[in-house]
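These are the residues of each chain, in order.
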Amino acid sequence: MLILGIDVGFARTGWGLVHKCTKPRNCEVCKKNKFDSVEKGNSKPRYKEYHYIDSGLIETTNSQSYLSRLIFLAEELKKVLSKFQPDEVAIEELFFFKNHKTVIQVSEARGVILLTCKDYKLFEYTPLQVKQTLTGAGRAEKKQVQEMTRRLLSLDPTQIKQDDEADAVAIALTHGFYTRVNIKNEN
């Protein structure tokens, strides 16, 4: 299962893809990764359940009009969806604590993202859920979440350079953990 995580932003929207292996054969898709996530050491490779596929940023500039920035966000996200065709999309729920000036802009960007992803299975997670899932602590710092994401996916610190990308990968990974728990609870 290919999960697209989205960290909502107006000027910068991060996206990240994680592949969740449901069966060992399903991990064959991971051979196309730009980073090798296969554990080595035995004669047969042992696949981990989650693999980092790719991540990126959709950035707008102040020189663009407000409307053109929202349109650009939708067009760039459509390109990501078309290229990777994820099975599910996980998006961060909005939480504003410090910067009340950007509430409306980010809310409108989130609306554009939700509309662009309407044909996919959509799931939402709060920042608290992401922190608790990945670190076990709801008050974890952003750097702690990013470090746990890096460790869980066996990533080199240079593989994901931007905070928004790292947050998006963390959201995708959180969704993977949530779906694993929900599948087990349904059986």
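Residues numbered from 1 in each chain as written. Predicted model: local features only at pLDDT ≥ 70, side-chain atom pairs only at ≥ 80, totals over all residues. Heavy atoms only, no water.

**Here we look at helix α4 (residues 142–152)**
Moving on, step 1. Taken together, the buried positions of α4 are Val145, Gln146 and Thr149. Down the axis of α4, the buried side of the element spans an arc of 95°, and every buried residue falls inside it. Exposed residues pointing more than 90 degrees away from the buried face of α4 are listed as Lys143 and Arg151.
Moving on, step 2. Phi turns positive one or two residues past the end of α4, at Ser154, with a value near 55°. (Buried < 20%, exposed > 50% of the residue type's maximum accessible area, 1.4 Å probe, protein only. Helix = DSSP H or I, 4+ residues; strand = E, 2+ residues; numbered from the N terminus. Arc of directions from axis to C-beta.)

**Focus on the pattern of salt bridges**
Moving on, step 1. Within this structure, the stated rule accounts for 9 salt bridges.
Moving on, step 2. Lys118 serves as the salt-bridge partner of Asp119, at 3.6 Å between the closest nitrogen and oxygen. Both residues of the pair, Asp119 and Lys118, count as exposed.
Moving on, step 3. Among the salt bridges present, the one from Asp167 reaches Lys142, with a minimum N-O distance of 2.4 Å. You can see Asp167 sitting in helix α5 (residues 163–186) and its partner Lys142 sitting in helix α4, a full 25 residues away along the chain. (Salt bridge = Lys/Arg side-chain N within 4 Å of Asp/Glu carboxyl O.)

**Topic: the environment of Gln64**
Moving on, step 1. Tracing the backbone shows Gln64 in the loop between β3 (50–59) and α1 (66–84).
Moving on, step 2. By relative accessible area, Gln64 is classed as partly exposed at 23%.
Moving on, step 3. The contact partners of Gln64, leaving out residues within four places of it in the chain, are Arg69 and Phe72.
Moving on, step 4. Looking at Gln64, its side chain comes within polar contact range of the main-chain nitrogen of Thr61, at 2.8 Å. (Contact = heavy atoms within 4.5 Å. Polar contact = N/O pair within 3.5 Å; in protein donor to acceptor, adjacent residues only side chain to side chain.)

**Digging into the pairing of β3**
Moving on, step 1. In terms of burial, β3 is a largely internal element, 8 of the 10 residues being buried.
Moving on, step 2. Summarising the sheet, strand β2 (residues 12–20) and β3 pair through 9 bridges and their orientation is antiparallel. Bridge pairing in β3 links Thr13 to Ile58. (Pairing = 2+ DSSP bridges.)

**Observations concerning the nonpolar core**
Moving on, step 1. In this structure, Leu4, Ile6, Leu77 and Ile113 are the most contacted members of the largest nonpolar core, which totals 23 residues.
Moving on, step 2. Per element, the largest residue contribution to this core is 7 residues, and it comes from α1.
Moving on, step 3. Not counting residues within four places of it along the chain, the set of residues in contact with Leu4 comprises Trp15, Gly16, Leu17, Leu77, Val80, Leu81, Pro86, Glu88, Val89, Ala90 and Ala172.
Moving on, step 4. Within the second largest apolar cluster, 21 residues are counted, among which are Ile3, Tyr125, Ala140 and Val169. (Core = buried A, V, L, I, M, F, W, Y, C linked by side-chain atoms within 4.5 Å.)

**As for the confidence of the model for the protein chain**
A low pLDDT means the predicted coordinates there should not be read in detail.
Moving on, step 1. Of all residues in the protein chain, 78% have pLDDT values of 70 or greater, and the mean over the chain is 83.
Moving on, step 2. Ranking the helices and strands of the protein chain by mean pLDDT puts α1 first, with 97, and α5 last, with 79.
Moving on, step 3. Counting interchain partners and residues more than four positions distant, the pLDDT-below-50 stretch residues 28–47 has 23 contacts.
Moving on, step 4. Contacts of residues 183–187 to residues separated by more than four positions or lying in other chains number 1 contact, the stretch itself having pLDDT below 50. (pLDDT = per-residue confidence, 0-100.)

**Section: helix α2 (residues 103–116)**
Moving on, step 1. Counted at 1.5 Å a residue, the expected span for α2 with its 14 residues is 20 Å, and the 20 Å between its end C-alpha atoms agrees.
Moving on, step 2. Buried within α2 are the following residues: Val106, Ala109, Arg110, Val112, Ile113 and Thr116. Buried residues along α2 cover an arc of 160° about the axis, so they all sit on one side. Away from the buried face of α2 by more than 90 degrees, exposed residues Ile104 and Leu115 are located.
Moving on, step 3. Elements in contact with the buried residues of α2: β1 (2–7), β2, α1, β4 (88–92) and β5 (121–125). (Expected span 1.5 Å × (residues − 1).)

**A few points about the sheet that holds β1**
Moving on, step 1. Sheet architecture is open: 5 strands sit in the order β3-β2-β1-β4-β5, paired in mixed fashion. What marks the edges here is a single partner per strand, and that holds for β3 and β5. For this sheet, the mean inter-axis angle between neighbouring strands, taken without regard to orientation, is 20°.
Moving on, step 2. Direction of pairing for β1 relative to β2: antiparallel, over a ladder of 6 bridges. Each bridged residue has a counterpart across the sheet, and for Ile3 the counterpart in β2 is Val18. (Axes fitted to C-alpha atoms, helices over the stretch in contact; angles between N-to-C directions.)

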